[in-house]
Number of protein chains: 2
Amino acid sequence: MAKPKKTPRPKAQTPKGFRDYFGPEVTHRTQMLRKIAAVYDRYGFDALESSGVETVEALGKFLPDVDRPNEGVFAWQEDADADKPGDWLALRYDLTAPLARVYAQHQNDLPKPYRRYAMGPVWRNEKPGPGRFRQFYQCDADTVGASSVAADAEICAMLADCLEEVGIDRGDYVVRVNNRKVLNGVMEVAGLAGDDKEAERGIVLRAIDKLDRLGTDGVRALLGEGRKDESGDFTKGAGLDNTQADVVMGFMQAKRDSGAQTVARLRELVADSKIGTEGVDELETIADLLGAGGYGADRIEIDPSVVRGLGYYTGPVYEAELTFEIKDDKGRPRNFGSVAGGGRYDDLVKRFTGQEVPATGVSIGVDRLLAALDAKGRLDKTAHGPVVVTVMDKDRMADYQKMVADLRSAGIRAEVYLGNPKNFGNQLKYADRRGSPVAVIAGGDEFDKGVVQIKDLILGAKIAENATLEEWQARENQYEVARDDLVTEVAKIINGTS
Amino acid sequence: MAKPKKTPRPKAQTPKGFRDYFGPEVTHRTQMLRKIAAVYDRYGFDALESSGVETVEALGKFLPDVDRPNEGVFAWQEDADADKPGDWLALRYDLTAPLARVYAQHQNDLPKPYRRYAMGPVWRNEKPGPGRFRQFYQCDADTVGASSVAADAEICAMLADCLEEVGIDRGDYVVRVNNRKVLNGVMEVAGLAGDDKEAERGIVLRAIDKLDRLGTDGVRALLGEGRKDESGDFTKGAGLDNTQADVVMGFMQAKRDSGAQTVARLRELVADSKIGTEGVDELETIADLLGAGGYGADRIEIDPSVVRGLGYYTGPVYEAELTFEIKDDKGRPRNFGSVAGGGRYDDLVKRFTGQEVPATGVSIGVDRLLAALDAKGRLDKTAHGPVVVTVMDKDRMADYQKMVADLRSAGIRAEVYLGNPKNFGNQLKYADRRGSPVAVIAGGDEFDKGVVQIKDLILGAKIAENATLEEWQARENQYEVARDDLVTEVAKIINGTS
């Protein structure tokens, strides 16, 4: 008889580019999302949760022009139904494309304008890299159906409120606002407006975006013939003449000490462009509205160097930057940088309905914001592991269960050790690994006397860290208390009042 | 020149079997998950969030034995990498299979036993039906690495606590506990233990599961020759003789007034079976532990008729049932039924590591539990829409923004109307649609006098509903207040103290 073929064991591994999140990684994010949702709610935004799966058709942008539409998204074809071929489905790659679909599908049931927020995972079928995952969280708020820039101003204010709510101090962030129309005006003035100038405009945009890194000379070089970097590599420039480059440089450096002065400078620069002037008017309105709401330039400022995702946007654009320094991998200080961004986009719903619907919205990069809070030591790491009730006598399990039940009733996180109780050392090692503040110990003697032993693991850890041998010997970190006082005594240790 | 081909507009539609959740549908679920997470946390369970995507290999059960492993899951093949074919990936269909993978992958970094909770969407590639969606939430807690039935008892207690925490009153639910080993013992005693009796055992299990619906006579018929239902259709029975059927019926009806009596009765029934007696011992231990923790039979009871998902489980099984009546679609009363279930399973991790790792856990059906709370009128529907500040004069937008900023600073949900302000009636209709408690109105006159008009929409709605014409005319639901008193006056209306 042939030996049955042995199936090899499956590999226990996340797919490439995916990861697991444990304990505080999950709860810190949950808490942050809750705080942001509270701000969004206060601004009148309603929650929306669409499914992770959409038709490829509705997602757009990634149409199945080949056999398999796997460019950037995870997609698959449904089973055929009778003689109809199955739909192509895909995991959403952001929360904006589904919003457009939802708005087009449900518009008769939605208030107009429709303010909605959404938070959840999105998926990208991209090459993963360090810190770059193929599933990550987005946390968006958008207003659909409002053409007024008051909608943009509101979102900038809300973004500032969100940052403060999650623990970024005023002064440690700035929301920077620009307007796509002003930039279009600048291109017009610089003679770069024509359809045949798209390549040049692209180079100009990328050059502006590199100001932080390359400085003005570097940008200037990229606007002209090009630039050789330190390694000797040459990047071809936009080929602008001096006059043209002056216009762009003037725009990029148009930021002044006050919003009003910046607006005035921009107005000069695009005086000859209708669209540019309109953009400056909008920026001025936004600044006025924000000022009236109490959002001064210490929180939200006009900054012509913001060129974020400009291919997509049609009006105001905004981004939130954290202004404090952190150390990079090599210990060098660097600015933390952008944690949120967005702007006005007017043609997403049109794909479905033929009607142009104005919309503006922001997306907060939750994971980056968490990393920032962590870097600033602002994540609440005081969360204790559970009190561990150890098991000296496994026939007393019911008594141990009663102890944890009592502790939990008082709101104290607690558990009975559920592993093999034979090796008591393992139980204490377990409590240590769990970050437990207290271990409770009770065997036959204790039960007879109606007491329990309490081991203060917080104190124990402190002693181990800082104490001299004398201090160590002088301090009691394990002591006996009456069983009836268990909850009170444990609470004292946890609250730091023992 | 050929006319460019016009792309047809995409359909704005969720894929078949998926849906969108709006406003309170999202926030009610979020609140419920938060409450359940708090209970799980208090019991010492740690959060875990794995990604929605797993390798088909790790998920198991759905191996790619055909070209495309699409039986029950949504799956797709990754692009080939050099000369290696791409992995098959799939959306997770539950939270247990990923837990087994996580435990096997990270076991050196996890405490043992490992208590973890997880909440999130799962996906099933099944034919959708009314109320059956292809993406839905699960909310699980499992203990991995504890063979003691104390782990099972703990999860039953935790389940009871969760139900009370989310608003199910004591007396409106019961957690019912059984043990797969007792059932195996019964099969043994009834002569149904052999490998050749699998078909019969299946029929017996399904028959027991139908006790509620068919009554004892119906079940008895299914244990014997079979049963003809009202429509005349015949279901083939297990073909047991009377003695065999007596054993099964005796088991099924073994429930007595107290847990101790039920245990005694079960002990009699499986006296001749080693595995059965072991199962009864475990049930007794569970009842003792729960009793010691204060969880009496009013909350958790031993019930031999629980046969939930028995193919999967190896020891204790448990399910939570809501015991109150609701009306079905036709207005007939019926029991709400099961909202959560779980049990002990011991071979999921073994697939990866070769080592058997004991595990037990529960899954709460969040959507069903929400429906139950809704049916009982227990969902907080008092959440108001935002205060709407209307726009009488669009040049005053900054003043309106200041009003909402003031309201929000006081924690009041508020927004400026951002649609086209021309038609004032539309603004009030919008406020109505948003469920606003208050509309604020201010035009040139009001600004000159330093006042605003407040329209009490709660009172307005009440008047419209209940009042006689005289009452209607007698009540003021719009009045003038000083601009400086705006926040105070609006707060009065919202808090019901005006």
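- The name given to chain A in an unreviewed UniProt entry is Histidine--tRNA ligase, and the organism recorded there is Sulfitobacter noctilucicola.
- Comment text from UniProt for chain A, heading Subcellular location (unreviewed entry), reads "Cytoplasm".
- As its UniProt record puts it under Sequence similarities (unreviewed entry), chain A is described as follows: "Belongs to the class-II aminoacyl-tRNA synthetase family."

**Quick notes on the pattern of salt bridges**
Phase 1 of the analysis: Counted according to the given criterion, the structure contains 78 salt bridges over all chains.
Phase 2 of the analysis: The salt bridge partner of Glu-78 of chain A is Arg-134 of chain B, with a shortest N-O separation of 3.0 Å. With Glu-78 of chain A in the loop between strand S4 (75-77) and strand S5 (88-91) and Arg-134 of chain B in the loop between strand S6 (114-123) and strand S7 (135-144), this residue pair bridges two chains. For the pair formed by Glu-78 of chain A and Arg-134 of chain B, the shared burial category is buried.

**Some thoughts on the pairing of strand S18 (residues 451-456) of chain A**
Residues and elements named next belong to chain A.
Phase 1 of the analysis: The buried fraction of S18 is high, at six of six residues.
Phase 2 of the analysis: With four bridges connecting them, strand S17 (residues 438-441) and S18 associate as antiparallel partners. Paired with Val-438 across the two strands is Asp-456, which belongs to S18.
Phase 3 of the analysis: Where S18 lies against strand S19 (residues 478-482), five bridges are found, and the strand directions are antiparallel. The residue of S19 that forms the bridge with Val-452 is Val-481.

**A closer look at the sheet that holds strand S5 (residues 88-91) of chain B**
Residues and elements named next belong to chain B.
Phase 1 of the analysis: Pairing is antiparallel in the open sheet, where three strands are placed in the order S3-S5-S4. With partners counted over all chains shown, the strands left at the sheet margins are strand S3 (53-55) and strand S4 (75-77), one partner each. The sheet shows a mean angle of 30° between the axes of neighbouring strands, direction not considered.
Phase 2 of the analysis: Looking at chain direction, S4 and S5 are connected through three bridges and run antiparallel. Paired with Gln-77 across the two strands is Trp-88, which belongs to S5.

**Focus: the domain arrangement of chain A**
Phase 1 of the analysis: For chain A, the assigned domains are domain 1 (24-52 + 92-192 + 240-375) and domain 2 (387-494).
Phase 2 of the analysis: Put simply, the middle of domain 1 of chain A and the middle of domain 2 of chain A, counted by C-alpha atoms, are 51 Å apart.

**Structural notes on the confidence of the model for chain A**
Residue and element names in this part refer to chain A.
Phase 1 of the analysis: On average, residues of chain A score 88 in pLDDT, and 92% of them reach the 70 mark or higher.
Phase 2 of the analysis: Of all secondary-structure elements in chain A, the lowest mean pLDDT belongs to helix H17 (residues 469-474), at 59, while strand S2 (residues 46-49) reaches the highest, 97.
Phase 3 of the analysis: The model gives residues 62-70 a pLDDT under 50, and that stretch makes 22 contacts with residues more than four places away or in other chains.

**Considerations on the packing of helix H1 (residues 24-42) of chain A against helix H4 (residues 150-166) of chain A**
All names here are of chain A.
Phase 1 of the analysis: At a minimum axis distance of 9 Å, the contact between H1 and H4 shows a crossing angle of 145°. In the crossing of H1 with H4, the sense of the turn from one axis to the other is right-handed. Residues Met-32, Lys-35, Ile-36, Val-39, Tyr-40 and Arg-42 of H1 lie in contact with H4, whose contacting residues are Met-158, Asp-161, Cys-162, Glu-165 and Val-166.
Phase 2 of the analysis: Class assignment of the residues belonging to the contact of H1 with H4 gives a composition of seven nonpolar, no polar and four charged.

**Considering the packing of aromatic side chains**
Phase 1 of the analysis: For the structure on display, the rule yields 16 aromatic pairs over all chains.
Phase 2 of the analysis: Plain terms: the ring middles of Phe-324 of chain B and Phe-336 of chain B are 6.2 Å apart, the flat faces sit at 45° to each other, and that makes the pair tilted. Here Phe-336 of chain B lies in strand S13 (residues 333-345) and Phe-324 of chain B lies in strand S12 (residues 316-327), a separation of 12 residues in the sequence. Neither Phe-324 of chain B nor Phe-336 of chain B differs from the other in exposure class; each is buried.
Phase 3 of the analysis: Through successive ring pairs, a cluster of aromatic residues spans Phe-18, Phe-74 and Trp-76 of chain A together with Phe-18, Phe-74 and Trp-76 of chain B.
Phase 4 of the analysis: Of note, Arg-29 of chain A hangs over the ring of Tyr-21 of chain A, and the distance from its end group to the ring centre comes to 4.7 Å.
Phase 5 of the analysis: Sitting over the ring of Phe-352 of chain A, Arg-351 of chain A keeps its end group 4.9 Å from the ring centre.

**Digging into the relation of the copies chain B and chain A**
Phase 1 of the analysis: Rotating chain B by 180° about the axis while translating it 0.0 Å along that axis superimposes it on chain A, leaving an RMSD of 0.1 Å. The two molecules are tied by a two-fold rotation axis, judged by turn and shift. Among all residues of chain B, the one whose C-alpha sits closest to the rotation axis is Trp-76 of chain B, at a distance of 2.8 Å.
Phase 2 of the analysis: Most of the interface of chain B is mirrored in chain A, where 100% of its interface residues are also at the interface.

**Remarks on the sheet that holds S19 of chain A**
Residue and element names in this part refer to chain A.
Phase 1 of the analysis: The five strands are arranged S16-S15-S17-S18-S19 in an open sheet whose pairing can be described as mixed. Here the strands that pair on one side only, and so sit at the sheet edges, are strand S16 (414-416) and S19. Sheet twist, expressed as the average angle between the axes of neighbouring strands with direction ignored, equals 25°.
Phase 2 of the analysis: The pairing of strand S15 (residues 387-389) with S16 spans three bridges and is parallel. Of the residues in S16, the one forming a bridge with Val-387 is Ala-414.

Parameters at a glance
Residues numbered from 1 in each chain as written. Chains lettered and ligands numbered in written order. Predicted model: local features only at pLDDT ≥ 70, side-chain atom pairs only at ≥ 80, totals over all residues. Heavy atoms only, no water. UniProt positions renumbered as here; feature names shortened; annotations may be inferred. Salt bridge = Lys/Arg side-chain N within 4 Å of Asp/Glu carboxyl O. Helix = DSSP H or I, 4+ residues; strand = E, 2+ residues; numbered from the N terminus. Buried < 20%, exposed > 50% of the residue type's maximum accessible area, 1.4 Å probe, protein only. Pairing = 2+ DSSP bridges. Axes fitted to C-alpha atoms, helices over the stretch in contact; angles between N-to-C directions. Domains from an automatic or database assignment. pLDDT = per-residue confidence, 0-100. Contact = heavy atoms within 4.5 Å. Left-handed = near helix turned anticlockwise from the far one by under 90°. Nonpolar A, V, L, I, M, F, W, Y, C, P; charged D, E, K, R; others polar. Phe/Tyr/Trp six-rings, centres within 6.5 Å; stacked < 30°, edge-to-face > 60°. Lys NZ or Arg CZ within 6 Å of the ring centre and 35° of its normal. Least-squares fit on C-alpha atoms with pLDDT ≥ 70 in both.

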